[in-house]
Amino acid sequence: MKTTQTKKSHRILVWTGIFLLMGILTQGRLFSEAQAKSPRFSISISAGVFYPLQESFRKLYGSMEWPGSFQINYKLSREVFLFSGFRYLSSHGETMIVGQEYMPENHPIKLSVYSAKLGIFFASVQRRFFIFLGGGASYNFYKERWEETPISFEDKRFGFVAQGGAEYSLSRKFSLVGRIEYSSIQTKSGSKLESEIDLGGIEFSLGLSFKF
Amino acid sequence: MLSLCFRREEKKMHFKKFNLFKIFVFLLLSIFLFSSLPQSSDRILVKIPKRQENDLPRQLLPEIRAVQELDTCWITETSSFILSELEKIGISHEVLDTDLSGKSYFLVFVPSSAHLELLSNLGNVRVVENQTCLFWTTHEDVREVLPADFEIKRLPSQIPLPLRLESIPAREIRREEKLLRLARLNPRISLMVSQVSKENLSSFIQALQDFQTRYASTPNCEYAGTYIYNYFTQLGIQSEYDSFTFSSNYSSRNIIGVLPGKTAPDCVVIVCGHYDSYSTNRFVLAPGADDNASGTAAVMEMARIMRGESFDFTLKFICFSAEEWGLYGSKHYAQEAKQKREKIIGVINMDMIGYADRLPEDLNLFVNQNSDWLGNKYILAANAYVPLEIQKTINASMTYSDHAPFWDQGYSALLGIEDYPLNNPYYHKTDDTLNKLNMDFATTVTRASLAAAADLAQPESAPAAPSGVTAHSQVSSSLFSSTKTTFLNWKASGGQIAGYNIYRTSTSHANYKKINSTLVTKTSYADYFLTPSTAYYYVITAVDSQNRESNYSEEVRDDENNTD
């Protein structure tokens, strides 16, 4: 099981590498095509709702989380963009009893996940709409703490993100961003509840983007 | 044309139906054939050396039945399929026998190559470890086949043992100072110890010897059983016969005297020895003064003295029969005890405690890994009250007396014996008589055993120990951490109780540590944030207004009262 997941992680990293390499290699050719005066950078701030894919996660912390994130896009060409971003997810929940329950016992717990991501996306411009689809890798630091006790656990893991969405230009500089992002963070750690936890899920977010 | 088409369609349909019918019949026949095939037993006896248990895949464990634990290996029963799986994963093993049907296997102690050669001429032999052989023959009564100086134990057959994962090889532990921290001297135990009478012991041995033979299957053995039963009855303790059959339809009886406990009567301490005997002329003369009138006399003398005391836990004085045939009496009792879920705290088995080949003679104690705590407790108690040199050995292969069937069922038990290997030149001979014994040594061993038994059963204390202790445990979990909580409940002790102390250990019956900082005033306690994979054991004491602390309550395991 562990071997399969390690292979999967390696595959994710290899594909992300290939993805980025393609973008960088095509950069020179596509530069000429790029409009000289159009902005090369955009920064977006968004907030949304995150739905964890693992049931254990949902049982402990609920099925809706509210992460905040920002992302910087760098235009490599008209269609190819490099993105880098940061996301913070914080969630409160309660422990649960595994197996036989003798007496109700719930300890408040808090999970924090800090994710930095890097990837590439391909875009298509349709009048005022800018539609994009891409993927990349994430580096995640996560910490779970039993709030009224010294019990805590923290670790760092690479993960994988895939995102798609659309931007609607409000003006030359500003646009509205809607994004759907799938992430997978296989931690290779767990508890009596689940032997291996995946902190990934699907996130829907809305935000504002500024080009410069 | 149209009718032709219809006919073709009809034919096709008919053909399909016929095919379906054939398939159906074929399936039915297959099921019938498979179910009616004679069920091949396909069971084989395999030796698996120890220290490999952790490499065994969990899914294979239910298919491997450990029938005997020895010092360096397990004797297991499994199928040829599982054997091939073991081979694939590189678990070393040795096939001992491939056809188990209708056979009774015996472990035989083989002290020399001459014994091994002799044994080989009498039946089938497999050497399983140094000085231990597996033996089987077509003869129904193996005891009748083997010469007098062979010690035997029949392999358990009815209740397969779970393959326990923890095991260590034998090691001898000499007396260590750290073991000998002085136990709290109890004047009531001191008084009981002082009452052990050499004269009484001698008279019991003489009386048993006077039956001429106590070879199980002879009427005299039954008369000896009746004598012990009557003695227990005269003492005013509850007595009972525990009848069983053995070998080729012989029957005999264990004699049981019961002294019910006051605080936790369902917890039992057993003091035992076998009363049957054996010799080269066993049907006529087998006095068995050392083997084992000495141990039986100790049990009877302890019953006489201890009946006058009240203890927290129940004491059972048991004289087993048919030990010499292969531990049949104790095997019968231990199996039934397991089936009835009898809570046996510990078993003190005395077998041959009267012969001294040198002075001062020491007592050899044999325990297995699970019973190590009991050996330590015996040494502590004995040394607190009696000057006796004790040498403890952890050796799961020492299976040739009545403690071993208790080991087989997972109970803690020890054997007290004068020497092992045996040094008594009269062993299993017609001149194993009282005049060959050192009764001072027998008296000292009886005193030590009484002290240990009394310490285990706990003379009632003031304040009284808490009773009715129950434990439930549950595991709380988050995504990355899990902890166990144990919930303890008990009945309030009578009298002026200021509170209770809770003691916890992860080694049953040893190393208790107090976990409450102040006295617990309720009759419940929750112990949080424990490691889920560790088993914890608890005892509780009551403390009265004069700050006197009671005996420990019965020990409970953290999940003892969980329902699954």
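What counts and how
- Residues numbered from 1 in each chain as written.
- Chains lettered and ligands numbered in written order.
- Predicted model: local features only at pLDDT ≥ 70, side-chain atom pairs only at ≥ 80, totals over all residues.
- Domains from an automatic or database assignment.
- Helix = DSSP H or I, 4+ residues; strand = E, 2+ residues; numbered from the N terminus.
- Nonpolar A, V, L, I, M, F, W, Y, C, P; charged D, E, K, R; others polar.
- Contact = placed C-beta atoms within 7 Å.
- Pairing = 2+ DSSP bridges.
- Core = buried A, V, L, I, M, F, W, Y, C linked by C-beta atoms within 7 Å.
- Buried ≥ 20, exposed ≤ 12 C-beta atoms within 10 Å, placed from the backbone.
- Axes fitted to C-alpha atoms, helices over the stretch in contact; angles between N-to-C directions.
- pLDDT = per-residue confidence, 0-100.

Observations regarding the domain arrangement of chain B
All names here are of chain B. According to the domain assignment, chain B contains domain 1 (43-154), domain 2 (171-457) and domain 3 (467-557). Summarising the inter-unit geometry, the C-alpha centres of domain 1 and domain 2 are found 28 Å apart. Where the side of domain 1 that touches domain 2 is concerned, the elements lending two or more residues are strand E5 (106-109), helix H4 (142-145) and strand E8 (152-154). Classifying every residue of the side of domain 1 that touches domain 2 by side-chain character gives eight nonpolar, one polar and 10 charged.

A few points about the interface of chain B and chain A
Contacts between the two partners involve 18 residues from chain B, matched on the other side by 27 residues from chain A. Where the side of chain B that touches chain A is concerned, the elements lending two or more residues are strand E18 (467-477) and strand E19 (482-491) of chain B. In terms of residue count, E18 of chain B provides more of the side of chain B that touches chain A than any other element does, five residues in total. Considered class by class, the residues forming the side of chain B that touches chain A number six nonpolar, 11 polar and one charged. Alignment of strand E4 (residues 96-98) of chain A against E18 of chain B, held across three bridges, turns out to be antiparallel. Within E18 of chain B, the residue paired with methionine 96 of chain A across the bridge is serine 477 of chain B.

Description of the nonpolar core
Residue and element names in this part refer to chain B. Residues Val108, Met302, Ala382, Ala451 and Ala453 are the most contacted members of the largest nonpolar core, which totals 130 residues. At 11 residues, helix H12 (residues 439-457) tops the list of elements feeding residues into this core. Setting aside anything within four residues of it in sequence, one finds alanine 451 in contact with Ile189, Val193, Ala381, Ala382, Ala384, Tyr385 and Val386.

Some remarks on the environment of asparagine 438 of chain B
All names here are of chain B. Inspection of the secondary structure puts asparagine 438 in the loop between strand E17 (413-417) and H12. Judged by the 19 C-beta atoms lying within 10 Å of it, asparagine 438 falls in the partly exposed class. For the pair asparagine 438 and asparagine 501, spaced 63 residues apart in sequence, the C-alpha separation works out to 46 Å. For asparagine 438, the contacting residues outside a window of four places in its chain are Gly354, Tyr355, Ala356 and Glu361.

Details of the sheet that holds strand E6 (residues 124-129) of chain B
Paired through backbone hydrogen bonds, the strands of a sheet run either parallel or antiparallel to each other. Residues and elements named next belong to chain B. One open sheet holds the four strands; their spatial order is E6-E7-E5-E8, and the pairing between them is antiparallel. Both edges of this open sheet fall to E6 and E8, since each of them pairs with a single strand only. Within this sheet the neighbouring strands show an average axis-to-axis angle of 30°, counted without direction. In this sheet, strand E7 (residues 132-136) lies alongside E5 in antiparallel orientation, the contact comprising four bridges. Residue pairing in the sheet places phenylalanine 106 in a bridge with phenylalanine 135 of E7. Where helix H3 (residues 113-120) meets the sheet, it contacts E5, E6 and E7, and its direction lies at approximately 15° from that of E7.

Topic: the pairing of strand E12 (residues 264-274) of chain B
Looking along a regular strand, one sees side chains alternate from face to face of the sheet. Residue and element names in this part refer to chain B. Within E12, nine of the 11 residues are buried, which leaves the element mostly enclosed by the surrounding structure. Of the pairings in the sheet, the one linking E12 to strand E13 (residues 313-320) comprises eight bridges and is parallel in character. Looking across to E13, one finds that valine 269 is bridged to leucine 315. Alignment of E12 against strand E14 (residues 343-350), held across six bridges, turns out to be parallel. Among the inter-strand pairings, valine 268 is bridged to a residue of E14, identified as isoleucine 344.

Here's the deal with unusual backbone geometry
All names here are of chain B. Geometrically, the link from aspartate 291 to asparagine 292 is a cis peptide bond, its omega value of 0° lying close to zero. Looking at where asparagine 292 falls in the secondary structure, it is placed in helix H8 (residues 289-306). Between alanine 462 and proline 463 the backbone carries a cis peptide bond, its omega angle lying at 0°. When you line up the elements, proline 463 lands in the loop between H12 and E18.

So, the environment of glycine 257 of chain B
Residue and element names in this part refer to chain B. Within the secondary structure, glycine 257 sits in strand E11 (residues 250-259). C-alpha of glycine 257 to C-alpha of methionine 300: the two residues are 43 residues apart in sequence and 9.3 Å apart in space. Excluding its chain neighbours within four sequence positions, the residues that come into contact with glycine 257 are Phe232, Ile237, Gln238, Ser239, Ala303 and Phe317.

Observations concerning the confidence of the model for chain A
Residues and elements named next belong to chain A. Residues of chain A with pLDDT of at least 70 account for 82%, and the chain-wide mean is 84. Here helix H1 (residues 2-31) stands out as the element of chain A with the lowest mean pLDDT, 52, in contrast to E4, whose mean of 94 is the highest. Contacts from residues 25-36, a stretch scored under 50 in pLDDT, to residues over four places away or in other chains number 14 contacts.

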